[in-house]
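Residue-level structure breakdown
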Amino acid sequence: MRPLFFLLRLKLTVIFTIVIFNLSAQEYFNRIIPTEFGNVNTGSINHFSESFIITGIFGNEENNTASVLIKVNGNSYDYNIYNEFGFAGGPLAIYDDNISFLAKDRKISKGTFVGTLDPFLDLIKVDTLESPGEQDFPGNMHQIDNSIFASIIITEDGKRKILISKYDVNKGHIWTKRYEENISYSYIWHFNNAKENHVLASYTMSFNDIIGTNGYVMKIDTSGDVVWRSDPLELIDGGAAPIAIAELSNGNTIATYRKDMWDSFEFLCCFHPRPPTFVWLDSEGQFIKEHTFKIIHYDEMSFSNVKAGKGDY
């Protein structure tokens, strides 16, 4: 796997990776920062003080899912290991030197919680996020000032359901609301800021009686009420295909994901059948246009994030 980063002038900043060799993310990461305690599956990178913090999970000696924070400062690094839980995919929120995170004790069926670390990255507080149903699993979290929005996927009566909880760094849990209940599979991939302190969320969803998985974008307000939800994006490549999102200065939203193009002869014969695709939505979540990239058949390119920059470039 070879990472390549540059700015693409499409009214946003794009970060992407071209995958050429059949190496897993864990194998590649351990080539950069070797770890003796396990093969780390990385989750996110965050700036903290004058360092960078990389989150990850790995299997420990007890064959449980453990977590690690790797603190990188120049050419040196050290790490903190937490054997009691596994981080969520995008787990950290940093506010005024406070570090909160979303994780789960994977030894129990319902163990999702928000934790707090001190400036030395030691665990000082845990607040369990109560959820209904038989099982829960953490998704991602997002921060606006001292407010944290955390997604939880639960299983209740054999069905997957999306929950979002709002958590205040100082006050604790504020509310938990349900979204998209009658589904067979769903996962919230990204949160992002929107105007008026609203929050954008991107997620995939499939139903028991419908073949295929679709992507969606929704906007919620600070009370968790839905402002709008997009129509289904065209078939996405499998359930585990992230959807990155960003709001532009005119209120429009852009989303990118891997599109399923296996039914297209042009892509099946000549281009990669899981190409990255951009979708533009207006300020009310209505479809404007899309652009699908044509990638050489034997290469694979996916976009890991999008961010609006100056002038939306």
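Presented here is a report on the structure given in the accompanying data block.

Calculation rules
Residues numbered from 1 in each chain as written. Predicted model: local features only at pLDDT ≥ 70, side-chain atom pairs only at ≥ 80, totals over all residues. Heavy atoms only, no water. Phe/Tyr/Trp six-rings, centres within 6.5 Å; stacked < 30°, edge-to-face > 60°. Buried < 20%, exposed > 50% of the residue type's maximum accessible area, 1.4 Å probe, protein only. Helix = DSSP H or I, 4+ residues; strand = E, 2+ residues; numbered from the N terminus. Contact = heavy atoms within 4.5 Å. Pairing = 2+ DSSP bridges. Salt bridge = Lys/Arg side-chain N within 4 Å of Asp/Glu carboxyl O. Axes fitted to C-alpha atoms, helices over the stretch in contact; angles between N-to-C directions.

**Section: the packing of aromatic side chains**
To describe a pair of aromatic rings, one takes the distance between the centres and the angle between the planes. Under the defined criterion, the tally for this structure stands at 12 aromatic pairs. With 5.5 Å between their ring centres and 20° between their planes, tyrosine 82 and phenylalanine 85 make a pair best called stacked. Under the relative-accessibility criterion, phenylalanine 85 is labelled buried at 3%. With a centroid separation of 6.1 Å and an interplanar angle of 65°, the aromatic rings of tyrosine 82 and phenylalanine 87 are classed as edge-to-face. Joined through ring pairs, the aromatic side chains of Tyr82, Phe85, Phe87, Phe101 and Phe113 make up one cluster.

**Examining the side chain of serine 100**
As for its placement among the helices and strands, serine 100 is situated in strand β8 (residues 98–104). Serine 100 sits in the buried class, given a relative accessible area of 3%. Discounting residues that sit within four places of it in the chain, serine 100 has contacts with Pro91, Leu92, Ala93, Val114, Gly115, Thr116, Met141, Ile148 and Val169.

**Topic: the pairing of strand β16 (residues 199–207)**
Of all nine residues in β16, eight are buried, a share of seventy percent or more. Note: strand β15 (residues 185–193) against β16, eight bridges, orientation antiparallel. By the bridge assignment for β16, phenylalanine 191 is matched with alanine 201. Counted along the chain from β15 to the antiparallel partner β16, the turn is five residues long, and its residue glutamate 196 has a positive phi close to 60°. Pairing of β16 with strand β17 (residues 210–220), which is carried by eight bridges, proceeds in the antiparallel orientation. Each residue of the ladder has a partner; that of phenylalanine 207, found in β17, is isoleucine 210. Hairpin geometry of β16 and β17 is characterised by an intervening segment of two residues between the two adjacent antiparallel strands.

**Quick notes on unusual backbone geometry**
Negative phi is the rule for most residues except glycine; trans is the rule for most peptide bonds. Of note in this structure, leucine 121 is not a glycine but carries a positive phi near 70°. Turning to its location among the elements, leucine 121 is positioned in the loop between β9 (112–117) and β10 (123–128). Assessed through its relative accessible area of 3%, leucine 121 is described here as buried. Although it is not a glycine, aspartate 145 sits at a positive phi angle of roughly 55°. Mapped onto the elements of the fold, aspartate 145 is located in the loop between β11 (135–144) and β12 (147–156).

**Observations concerning the pattern of salt bridges**
Counted by the stated rule, this structure contains eight salt bridges. The shortest N-O distance in the salt bridge between lysine 259 and glutamate 290 comes to 2.6 Å. Highlighted residues: lysine 259 in the loop between β20 (253–258) and α2 (265–270) and glutamate 290 in strand β22 (residues 287–292), separated in sequence by 31 residues. Within this structure, Glu156, Lys161 and Arg178 form a network of salt bridges that share partners.

**A closer look at the sheet that holds strand β18 (residues 226–229)**
Strand order in the open sheet made by the four strands is β15-β16-β17-β18, with antiparallel pairing throughout. One side of each edge strand has no neighbouring strand; the edge strands of this open sheet are β15 and β18. The sheet shows a mean angle of 25° between the axes of neighbouring strands, taken without regard to direction. One ladder, built from three bridges, connects β17 with β18; its direction is antiparallel. Bridge pairing in β18 links methionine 218 to arginine 229.

**Some details on the sheet that holds strand β19 (residues 244–247)**
Taken in spatial order, the four strands line up as β19-β20-β21-β22 in an open sheet, and their pairing is antiparallel. Of all the strands in the sheet, the pair left with one neighbour each is β19 and β22. The mean angle between the axes of side-by-side strands here comes to 15°, regardless of whether they run parallel or antiparallel. Inspection of the sheet shows β19 paired to β20 by four bridges, in the antiparallel sense. Across the sheet, isoleucine 245 pairs through a bridge with alanine 255, a residue of β20.

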